[in-house]
Amino acid sequence: MKKDKLKYFIMLFILVLVYLYFNISKYNGIINTLTVIVIILLCLYILIDILINNSKNLKPKNKLFNSIMEISDTVYILIDLSNPNYTYISDNVKNILGLDTSKLSNNDIIDKILNIPIIKDEIKKWNKSSEYVSEMVKYYNPKYNYNMWIRVKIINYKDDYKEYQVIQVIDATKEYDRQHLLIKQASNIKARESQLNQITSSSYDFQININIESNSCDLKYFKMDKLYFGDEKRGNYTDLLSSFSNYINDSDKDLFNEKLSLNNLKEHFIKYELDSITFRYRVGNKIKNNEWLESTIFFISN
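Attention here is on the structure that accompanies the text.

Each value, and the rule that gives it
Residues numbered from 1 in each chain as written. Predicted model: local features only at pLDDT ≥ 70, side-chain atom pairs only at ≥ 80, totals over all residues. Heavy atoms only, no water. Axes fitted to C-alpha atoms, helices over the stretch in contact; angles between N-to-C directions. Helix = DSSP H or I, 4+ residues; strand = E, 2+ residues; numbered from the N terminus. Parallel < 35°, antiparallel > 145°, perpendicular 65-115°, else oblique. Left-handed = near helix turned anticlockwise from the far one by under 90°. Contact = heavy atoms within 4.5 Å. Nonpolar A, V, L, I, M, F, W, Y, C, P; charged D, E, K, R; others polar. Buried < 20%, exposed > 50% of the residue type's maximum accessible area, 1.4 Å probe, protein only. Phe/Tyr/Trp six-rings, centres within 6.5 Å; stacked < 30°, edge-to-face > 60°. 1 Å grid on protein atoms, 1.4 Å probe; cavity = no way out; pocket = protein on both sides within 12 Å on 5 of 7 lines; lining within 4 Å. Points joined across faces, edges and corners; volume = space filled by probe spheres on them. Salt bridge = Lys/Arg side-chain N within 4 Å of Asp/Glu carboxyl O.

Turning our eyes to something else, we now look at the packing of helix α9 (residues 237-245) against helix α10 (residues 253-260). Across the interface, α9 lies against α10 with an axial gap of 10 Å and an inter-helix angle of 160°. It follows that α9 is roughly antiparallel to α10 by the angle criterion. The chirality of how α9 crosses α10 is right-handed. The residues of α10 that touch α9, namely those facing Tyr237, Leu241, Phe244 and Ser245, are Lys253, Phe256, Asn257 and Leu260.

Further remarks concern the packing of helix α5 (residues 117-125) against helix α11 (residues 262-272). Any two packed helices are characterised by the angle at which their axes cross and by the distance between the axes. With their axes 11 Å apart at the nearest point, α5 and α11 run at an angle of 145° to one another. Residues Pro117, Ile118 and Asp121 of α5 pack against His268, Lys271 and Tyr272 of α11. Considered class by class, the residues forming the contact of α5 with α11 number three nonpolar, one polar and two charged.

On to unusual backbone geometry, then. For Asn145, which is not glycine, the phi torsion reads 55° and is therefore positive. With respect to the helices and strands, Asn145 occurs in the loop between β4 (137-141) and β5 (146-158). Its identity is not glycine, yet Asn215 carries a phi of approximately 60°, on the positive side. As for its position among the elements, Asn215 is in the loop between β7 (206-211) and β8 (216-221). For Asn215, a relative accessible area of 17% gives the class buried.

Scanning the entire structure with this criterion turns up 13 aromatic pairs. Considering the side-chain rings of Trp126 and Tyr132, the 5.9 Å spacing of their centres and the 50° angle between planes classify their relative orientation as tilted. On the basis of relative accessibility, which here comes to 9%, the residue Trp126 falls in the buried class. Each member of the aromatic cluster is reached from another via a ring pair, and the members are Phe206, Tyr221, Tyr228, Phe229, Phe244, Tyr247, Phe256, Phe279 and Tyr281.

The next thing to look at is the layout of surface pockets. There is about 870 Å³ of room inside the second largest pocket. Together, 28 residues line the second largest pocket, and Glu122, Tyr132, Leu255, Glu258 and Lys259 are the ones closest to its centre. Looking at the lining of the second largest pocket, the elements with two or more residues in it are α5, β3 (132-133), α10, α11 and β10 (277-283). Looking at side-chain class alone, the lining of the second largest pocket contains nine nonpolar, six polar and 13 charged residues.

Right, let's get into the pattern of salt bridges. Counted under the stated rule, the structure contains eleven salt bridges. A salt bridge links Lys259 to Glu122; the nearest nitrogen and oxygen atoms lie 3.5 Å apart. Taken together, the residues span a long stretch of sequence, with Lys259 in helix α10 and Glu122 in helix α5 at a distance of 137 residues. For Lys259, a relative accessible area of 15% translates into the label buried. A salt bridge links Asp218 to Arg234; the shortest N-O distance between them is 3.9 Å. Pair noted here: Asp218 is in strand β8 and Arg234 is in strand β9 (residues 233-236), with a separation of 16 residues, a long-range link. Residue classification places Asp218 among the buried positions, given a relative accessible area of 17%.

Listed below in C-alpha cells is the structure:
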C-alpha cells in the first residue's frame, strides 16, 4: 500500500511539472491558478499521508524488536561512523550489562565495553575489514553487583552513502561456566583430566594440551573422522606448532602462529590470568577443503 501511494505521488508530481511547463505560459487566470494549487495540495496530502503511515508502522516494529531483545542474551549497538552522534543501543543493555541509559551517554556505555584491557589491546591490532571476535572476558555488572563473562563482536559495513559499525555484546557466562566445569568441580589433576575428556569430547573435535613451563604438548582427537593436523602426536611444543601451521590456510597462518606462540601464551597468562583465548581460522589451502574452525585456549594453574 505504501509503495502504491508513493507511486501515485510521483505520478501526480510529474503531471504538475508537465502541466506547468506546457500551460502556464499559454493561459492566465483564476481557473488555471486554482487547478495548479489543487494539484499541489493533493500531492502534499499524499506525501504527508505516506510519512504519517511510515511513522505509525515503525512503532509496532520497534516494540516487537524491543520485546525480542528483552529475552535475548545479546546487546546490539549500531554506530553511524559518518556521524557518531547517531548511535543506537538496544534497551536490554541495562538488564544484561547493568548500564543505565538514563544516567550514561551512549559513548560512556561503548567506552565501558571497548576499554576492557584485553579488548582494547586486540582492537588496536584489528584490521577493520574482517569481523572482530573477542575472547570471553570478565565484566563487572554494577546493577547486580557480580562478575560475568562477555564476548564482543564488531563488524564494519558500508552502504551507498554511509559507513556503519555493529557491535554485539554477548552474555557468555553460561558458556564460560560450562567450559570451566572441570576446574570448578575437580580437586586434582587426574580428576580434571577425566572431566575434561567428558566435557570436551561432546563439544570439541580435538584438544592440544600445552605446558608453557616445559614447552611440551600433545595433540588428541575426540572425533577421528577429521584429523585436522595429521596424526595424534606428542613432543616439543615449538616444533609441533610449526607442524600444525602447515595445515592452516595461508591467509590465517600469521594469526594462528601469533595466538599460539609460546611467548603470547605466557604473556597472556601473566597479564590476564585465567581469561581464555578464542579465535577463528581456516584449515586447508584448497577452496573446496577450506573449513573454518574456532578454537578456545583455557589456562589452568596447578
